[in-house]
Amino acid sequence: MKRNLLAIGLVFAALSLAGCTSGLQPRSSPANPFGWPAKLATDAGFGLESTEAPVLRDAGRILYGLGDFLEGPALAFEGLVLFRRERFRSAGLKFASGAGELVTGVVSAPFLIVPGRNVDLARDADLVNAGLEQIERTPPEAWHASPNDHRTEIFPRGTRVKAHGTALLWTIPGEGEILQAGEESLFFHAVQAIVPGTDYEAQERSWGMIVKDLEEWDSWNPRVRAGTIIHEFVHQYVQIRCQFKGWSIAYWPAYGVSFVANGWEGHWAERTGPRAAEAVDLALRGWAPGEAAALGSRRCDTQLGQIFVTIVAYREKFSAEPLAIEDLLQAGVLAKPGDLLCPADLAGTAGYVYLYPFRGTETPPDSILVYDAAPHPDGSRRVLRCNGERAVLAPPEFEAALREQREAMLPLLAPAIDAARAAAKSAAGGDKEALEKKLRVLEKLRDDAAK
Ligand SMILES: [Zn+2]
Ligand SMILES: [Zn+2]
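So, how was this worked out
- For every chain, the first residue of the written sequence is number 1, and numbering continues from 1 along that sequence.
- Each chain takes a letter, starting from A, and each ligand takes a number, starting from 1, following the order in which they are written.
- Totals for whole chains, interfaces and linings use every residue, but because this is a predicted model, local features are given only for residues with pLDDT of at least 70 and side-chain atom pairs only at 80 or more, for both listing and counting.
- Elements are defined by DSSP. Helices are runs of H or I of four residues or more, strands are runs of E of two residues or more, and each kind is numbered from the N terminus.
- Partly exposed residues are those whose C-beta has more than 12 but fewer than 20 other C-beta atoms within 10 Å; 20 or more makes a residue buried and 12 or fewer makes it exposed, with C-beta atoms placed from the backbone.
- Any pair of residues counts as being in contact when their C-beta atoms, constructed from backbone geometry, are within 7 Å of one another.
- Any two strands with at least two DSSP-identified bridges between them are counted as paired.
- An axis is simply a line fitted to the C-alpha atoms; with a helix, the fit covers only the stretch in contact. Between two such axes, the angle follows the N-to-C directions and lies from 0 to 180 degrees.
- Relative orientations are named as follows: roughly parallel for angles under 35 degrees, roughly antiparallel for angles over 145 degrees, roughly perpendicular for angles from 65 to 115 degrees, and oblique for any other angle.
- With the far helix as reference, a near helix turned anticlockwise by less than a right angle produces a left-handed crossing, and one turned clockwise produces a right-handed crossing.
- Ten residue types, Ala, Val, Leu, Ile, Met, Phe, Trp, Tyr, Cys and Pro, are classed as nonpolar, four, Asp, Glu, Lys and Arg, as charged, and the remainder, Gly among them, as polar.
- The nonpolar core criterion groups buried Ala, Val, Leu, Ile, Met, Phe, Trp, Tyr and Cys residues into a set whenever they are joined through C-beta atoms within 7 Å.
- For every residue, the predictor states its confidence as a pLDDT score lying anywhere from 0 to 100.
- Here the expected length of a helix is defined as 1.5 Å per residue gap, with one fewer gap than residues.

Take the overall build of the protein next. Assigned secondary structure in the protein consists of 16 helices and nine strands. Principal-axis analysis of the C-alpha atoms gives the protein an extent of 95 × 45 × 40 Å. Counting over 451 residues, the protein shows a buried share of 37%. Contacts spanning at least 24 positions in sequence make up 62% of the contacts within the protein whose residues lie at least 6 apart.

A separate point is the pairing of strand E2 (residues 167-172). Sheet topology places strand E1 (residues 160-164) next to E2; five bridges connect them, and they run antiparallel. Following the sheet pairing, Ala163 is matched in E2 by Leu168. Two successive antiparallel strands, E1 and E2, enclose a turn made up of two residues, where Gly165 displays a positive phi of approximately 65°. Where E2 lies against strand E3 (residues 176-184), five bridges are found, and the strand directions are antiparallel. Bridge pairing in E3 links Leu169 to Leu179. In this structure, the hairpin formed by E2 and E3 is closed by a connection of three residues, where Gly174 is found at a positive phi of approximately 85°.

What follows concerns the sheet that holds strand E5 (residues 208-211). Spatial ordering of the open sheet is given by E1-E2-E3-E5-E4, a layout of five strands whose pairing is mixed. Two strands in the sheet have a free side with no partner beyond their single neighbour: E1 and strand E4 (202-205). The average undirected angle you get between the axes of adjacent strands in this sheet is 25°. Along the sheet, helix H5 (residues 125-137) contacts E1 and E2; its crossing angle with E1, the most-contacted strand, is approximately 175°.

Residue placement: Gly305 occurs in helix H13 (residues 290-318). Take Gly305: there are 12 C-beta atoms within 10 Å of it, and that puts it in the exposed class. Considering only alpha carbons, one finds Gly305 and Glu389, 84 residues apart in sequence, at a separation of 8.4 Å.

Attention shifts here to the packing of helix H15 (residues 395-426) against helix H16 (residues 429-450). Between H15 and H16, the least distance of the axes is 9 Å, while the angle of their chain directions is 155°. Overall, the two elements H15 and H16 adopt an arrangement that is roughly antiparallel. The crossing of H15 and H16 is left-handed. Side by side, H15 and H16 meet where Arg406, Met409, Leu410, Leu413, Ala416, Ile417, Ala420, Arg421, Ala423 and Ala424 of the first sit next to Lys432, Leu435, Glu436, Lys438, Leu439, Leu442, Glu443, Leu445, Arg446, Ala449 and Ala450 of the second. Taken together, the residues of the contact of H15 with H16 break down into 14 nonpolar, no polar and seven charged.

By the element assignment, Lys245 lies in the loop between helix H9 (222-243) and helix H10 (248-262). Taking the C-alpha atoms as reference points, Lys245 and Phe318, separated by 73 residues in sequence, lie 60 Å from one another.

Next up on the list: the packing of helix H2 (residues 36-49) against helix H3 (residues 54-82). Viewed as axis vectors pointing N to C, H2 and H3 meet at an angle of 160°, and their least axial separation amounts to 7 Å. In terms of their interaxial angle, H2 and H3 are classed as roughly antiparallel. Handedness of the crossing formed by H2 with H3: left-handed. Partitioned by chemical class, the residues of the contact of H2 with H3 number 13 nonpolar, five polar and six charged.

In this structure, E3 lies alongside E5, joined through four bridges in parallel fashion. Note on E5: the bridge partner recorded for Glu184 is Val211.

What the four strands build is an open sheet, ordered E6-E7-E8-E9; its pairing is antiparallel. At either end of the open sheet lies a strand with only one pairing partner, and these are strand E6 (352-354) and strand E9 (390-393). Shown here is a sheet whose adjacent strand axes are inclined to one another by a mean of 25°, direction ignored. Pairing of strand E7 (residues 368-372) with strand E8 (residues 381-385) involves three bridges; the strand directions are antiparallel. Considered in E8, the bridge of Val370 is made with Leu384. Relative to E8, H13 is tilted by about 20°, and along the sheet it contacts E7, E8 and E9.

This part takes up unusual backbone geometry. Its identity as a non-glycine residue notwithstanding, Lys245 has a phi of 50°, on the positive side. C-beta crowding within 10 Å serves as the criterion here: with 25 such atoms nearby, Lys245 is assigned to the buried category. Look at Ser319: it is not a glycine, yet its phi comes out positive at around 50°. Here Ser319 lies in the loop between H13 and helix H14 (327-330).

Membership of the largest hydrophobic core comes to 43 residues, with the highest contact counts inside it found for Val128, Ala279 and Val280. If you list the elements that add at least two residues to this core, you get H5, E2, E3, E5, H9 and helix H12 (278-283). Counting residues per element, this core draws most heavily on H9, which supplies nine residues. Setting aside residues no more than four positions away along its own chain, Val128 makes contact with Val161, Leu168, Ala226, Ile229 and Ile230.

Glancing now at the confidence of the model for the protein. Across the protein, the average pLDDT comes to 87, with 93% of residues at 70 or higher. Taking the mean pLDDT of every element in the protein, the minimum, 48, falls on helix H1 (residues 2-17) and the maximum, 97, on E7. Low pLDDT (under 50) marks residues 6-20, which in the prediction has nine contacts with non-local residues, meaning those over four places away or in another chain.

Once that is clear, we can look at the environment of Gln180. With respect to the helices, strands and loops of the structure, Gln180 is situated in strand E3. On a C-alpha basis, the gap between Gln180 and Phe34 in space is 29 Å, while along the polypeptide they are 146 residues apart. Those residues in contact with Gln180 that lie beyond four places of it in its chain are Leu121, Ala167, Leu168, Trp170, Gly208, Met209, Phe233 and Gln236.

A separate point is H10. Along its 15 residues, H10 runs 20 Å from first to last C-alpha, staying within 8% of the 21 Å computed at 1.5 Å per residue. After H10 finishes, the residue Gly263 shows a positive phi value of roughly 70°.

Structure, rendered in structure tokens:
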């Protein structure tokens, strides 16, 4: 028994050292009848795997693994008859990776039956290809994630995707085709709500990727989505499929142990390993494809329009101007925190700056009310004025407009601050709290204007 385990261990070690080959290729000859069941299972599996129905999809993933598994004996037979040694090697690879996919598929099937909506990865296919081209143009020194990363390429050169239903079909030169599907996972969402410090939008699976919240994912800048899709595919293909030979049951504990021990920073799968996924993020740093930038900018404009509508709703509800932009969320007039992020921001983290119109109805109507905290990729910023008008301002225009507005505001702020301070002093209870908040907002406006 012990010797068997040792032998299995050695086979795995040998397979892992065999480089980043997933065992997608070669397959047994079409003339080899022993390979027919394998092909039948793989084809049926692929067909089901790419459907939109959860149970069929999971069955497809298992069938696909079975097909790979059955290729093992078929290839071994060819090795015997044709006296080809490399056929035996392929047979071992197929056998190991097929078993991994099969076992993993069976074990995880019960958890996957909770239906999740499909994520439309296919609509980002062009952008994913543009990202892959960008990665190929970037010198490896720029994306090597750590000193022990010696890759010359992240994926074989020429790797591209095409739409397949809502999924992506990756064509990998010298390897074959592999499906990346996307699903929304309520389970993933719930786990992150419970575990403190976790808030990730997407996570890899051996068959593709899951997202936490479909609406949030859809609202992302397409450029950020494309980068994330490629990043998750490094986990799915390079790590789970190549490095772990499809044994995602082994991958996840290895991932988890490293996470507990090293956290995000020292993680072999993300940052420090020779096949770390961060290489994608590094290679795509500063990448701003024109189409995505234009779309992001248009979305930002729509979002500012929506913010204005909610400010008007707030005014009507409370007969006052919101003190801070986050008040729109607390008051329930704006739906989610993501609505306060600029969709054109490449990192997906920049929000908006709100200038509290402390003069109320006396505020000049063309004053800037809200503006982009960070410039868009082309350097411009979008602004929302007090009268609801929106505009794109180039850097010098924006700087000048903001400076002018601050200079006009500064002398008026001192009396407003004095009045607010006096009012806060004499008030009590909840009123006092609100007035103190108003005082802080006014003081911040003054400090920013005086800079
Ligand atoms: Zn990752
Ligand atoms: Zn913006």
